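Chain residues, written in single-letter form:
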Amino acid sequence: MYISWKERVKNRFSKYPKVWSALQWLKTVMYVFNYLRYYGFGIRSKSGSIREINVEFCSACNLRCKFCALDHLKPKQHISPKVLEKVLMELYTNPLFKNVEVLNLYNGGETLLHPNRLELFELIAHHKQSALKQGKRFPKVLLLTNGMLLRESLAKSILELNVLDVIQFSLDGGTKEKFEELRVNAKWKKFYSNVSDLIQLKNELQPNLQIKSITIVEEPNDLSVDWMDEEFRGLIDRMDSFELRRLHDWGGEIELNDNKQKNKYKLGCNMAMHQLVVLPNGDVTVCCNDLNSKGVIGNVQEQSMGEIYSSKERRHYLDKLLFGKRDEIELCKGCQSF
Ligand code: SF4
Ligand code: SF4
């Protein structure tokens, strides 16, 4: 069993106020340390602080999950190959991004809803190969999907490209009834069959692919698989790894009735320090909690990723967070998650 390390730390220590507050301070100290390391004293480090870049293929979603903060009324947008290519090129040619460990193919919306998703996967495969041929590192490529569109023929085409390192499923609830209740419009039977087919195909076509799941567990259920129904638990057991989590608040966009989530910690944010998110129209936002473009700091159609990374717009976020002025940032003022 694997419970996300954040949940484990929270479960274990949030009941001890002194330890909990020491841990919050440690987080702050790390933020200050990274701020000084990458941006301090007027000297900018040659390598950047970004560890993960998320790319949103499509702004819309085929589901209406109960807890999701995505604005389903906003116009549907799809990323173009040109925008994606600009991001991919800089990943292995600009030293500022040499610390990027993961290219996440998700943000808001469902990645597989993009009408030309295979063309985009081919583009990523091409750049991955090109980077490796030049002896450069290319980050791990991770697709997070709700799984409803991953029918066998599409899964086969994706696996034949050998481009993804990880496919991660959102597998919430703990029982098939709860899954369908939380993930509105999803059908357990279809999901189960798509994931089972993928596991079978992986063994034949791409054994090195990691198949993972994230399961949101609602209280009062424990963060364990013991209480889950047999078929649900059976599917989790067939994953290469899985993670159990409590719900987070999407940057304060949704209300949580969980006092353990509330904390007084207001200084710094590791998401802002280590992440950049590219939206389908080329806008870049500060973190993956921003499902509705409140934290846009630039656009890759007009600037390079390097310019956006170093921009005063991004520094504005980092500086406000450093000085404990989270409440002055529209995106961050209600965020309790990170
Ligand atoms: S699958 Fe993801 S983006 Fe779609 S509604 Fe559910 S949580 Fe939101
Ligand atoms: S504090 Fe702001 S930057 Fe950090 S996770 Fe929350 S919304 Fe994102």
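Residues numbered from 1 in each chain as written. Chains lettered and ligands numbered in written order. Predicted model: local features only at pLDDT ≥ 70, side-chain atom pairs only at ≥ 80, totals over all residues.

Student: What exactly am I supposed to notice about the overall build of the protein here?
Tutor: In terms of helices and strands, the protein carries eleven helices and nine strands. Here the protein holds 338 residues, and the buried ones make up 35% of them. Across the protein, the fraction of contacts at a sequence separation of at least 24, relative to all contacts at a separation of at least 6, is 74%. (Helix = DSSP H or I, 4+ residues; strand = E, 2+ residues; numbered from the N terminus. Buried ≥ 20, exposed ≤ 12 C-beta atoms within 10 Å, placed from the backbone. Contact = placed C-beta atoms within 7 Å.)

Student: Is there a simple way to think about the sheet that holds strand S2 (residues 102–105) in this case?
Tutor: The strands making up a sheet associate through hydrogen bonds between their backbones, and the pairing can be parallel or antiparallel. One open sheet holds the nine strands; their spatial order is S6-S5-S4-S3-S2-S1-S7-S8-S9, and the pairing between them is mixed. The sheet terminates laterally at strand S6 (241–245) and strand S9 (296–299), the two strands that pair on one side only. When strand polarity is set aside, the average angle formed by the axes of neighbouring strands in this sheet is 25°. Alignment of strand S4 (residues 166–170) against strand S5 (residues 210–216), held across five bridges, turns out to be parallel. Each bridged residue has a counterpart across the sheet, and for Phe169 the counterpart in S5 is Ser213. (Pairing = 2+ DSSP bridges. Axes fitted to C-alpha atoms, helices over the stretch in contact; angles between N-to-C directions.)

Student: Teacher, can you tell me more about unusual backbone geometry here?
Tutor: Apart from glycine, the bulk of residues carry a negative phi angle, and the bulk of peptide bonds sit in the trans form. The peptide bond linking Glu219 to Pro220 adopts the cis configuration, its omega dihedral lying at 15°. Its location among the elements puts Pro220 in the loop between S5 and helix H8 (230–237). The phi dihedral of Ser293 is positive, around 55°, even though this residue is not glycine. Within the secondary structure, Ser293 sits in the loop between strand S8 (283–285) and S9.

Student: Looking at this model, I keep getting lost on the nonpolar core. Mind explaining?
Tutor: What tends to happen in soluble globular proteins is that the nonpolar side chains get buried as a cluster. By size, the foremost hydrophobic cluster in this structure holds 68 residues, and its most contacted members are Ile53, Val55, Val87, Ala272 and Val278. Looking at this core element by element, the count peaks at six residues for helix H3 (residues 81–93). With sequence-adjacent residues up to four places away left out, Val87 is seen in contact with Ile53, Val55, Val278, Val300 and Met305. (Core = buried A, V, L, I, M, F, W, Y, C linked by C-beta atoms within 7 Å.)

Student: Just checking my understanding: could you explain the pairing of strand S7 (residues 275–278) for this structure?
Tutor: Each regular strand carries side chains that alternate between the two faces of the sheet. Both faces of S7 are covered, namely the face carrying Gln275 and Val277 and the face carrying Leu276 and Val278. As paired strands, strand S1 (residues 52–55) and S7 are joined by four bridges and run parallel to one another. Bridge pairing in S7 places Ile53 opposite Leu276. The pairing of S7 with S8 spans two bridges and is classified as antiparallel. By the bridge assignment for S8, Val278 is matched with Val284.

Student: Would you mind showing me how to read the environment of Cys65 here?
Tutor: Turning to its location among the elements, Cys65 is positioned in the loop between S1 and H3. For Cys65, a count of 17 C-beta atoms within 10 Å gives the class partly exposed. A C-alpha to C-alpha distance of 8.7 Å links Cys65 and Ala186, two positions 121 residues apart in sequence. Sequence-distant contacts of Cys65, that is, excluding residues within four places in its chain, are made with Leu182, Arg183 and Val184.

Student: Is there a simple way to think about H3 in this case?
Tutor: Since the α-helix packs 3.6 residues into each turn, any two residues three or four apart lie on the same face. Between its first and last C-alpha atoms H3 spans 18 Å; for 13 residues at 1.5 Å apiece the expected length is 18 Å, and the two agree. Every buried residue of H3 is accounted for by Val83, Leu84, Val87, Leu88, Leu91 and Tyr92. Down the axis of H3, the sector holding all buried residues measures 150°, keeping them to one side. Buried residues along H3 sit in contact with S1, S2, helix H4 (117–133), S7 and helix H10 (305–309). (Expected span 1.5 Å × (residues − 1). Arc of directions from axis to C-beta.)

Student: Just to check I follow, could you spell out the packing of helix H5 (residues 152–161) against helix H7 (residues 188–205) for this structure?
Tutor: The geometry of a pair of packed helices is captured by two quantities: the angle between their axes and the separation between those axes. Taken N-terminus to C-terminus, the directions of H5 and H7 make an angle of 30°; their axes are 10 Å apart at the nearest point. Comparing the axis directions of H5 and H7 gives the class roughly parallel. Like other packed secondary-structure pairs, H5 and H7 cross with a definite hand, here right-handed. Of the residues in H7, those touching H5 at Glu152, Ala155, Lys156, Leu159 and Glu160 are Asp197, Leu198, Leu201, Lys202 and Leu205. Among the residues forming the contact of H5 with H7, the class breakdown is five nonpolar, no polar and five charged. (Parallel < 35°, antiparallel > 145°, perpendicular 65-115°, else oblique. Left-handed = near helix turned anticlockwise from the far one by under 90°. Nonpolar A, V, L, I, M, F, W, Y, C, P; charged D, E, K, R; others polar.)

Student: Can you help me understand the confidence of the model for the protein in this one?
Tutor: Interpreting fine coordinate detail is not advised for predicted regions of low pLDDT. Within the protein, residue pLDDT values average 90, and 89% of them lie at 70 or more. Segment residues 259–263: pLDDT under 50, and eight contacts once partners within four positions in sequence are set aside and those in other chains are kept. (pLDDT = per-residue confidence, 0-100.)

Student: It is not clear to me how the environment of Val163 should be interpreted in this structure. Could you clarify?
Tutor: Here Val163 lies in the loop between H5 and S4. On the basis of neighbour counts, which here come to 22 C-beta atoms within 10 Å, the residue Val163 falls in the buried class. Not counting residues within four places of it along the chain, the set of residues in contact with Val163 comprises Phe121, Ile124, Ala125, Lys128 and Val141.

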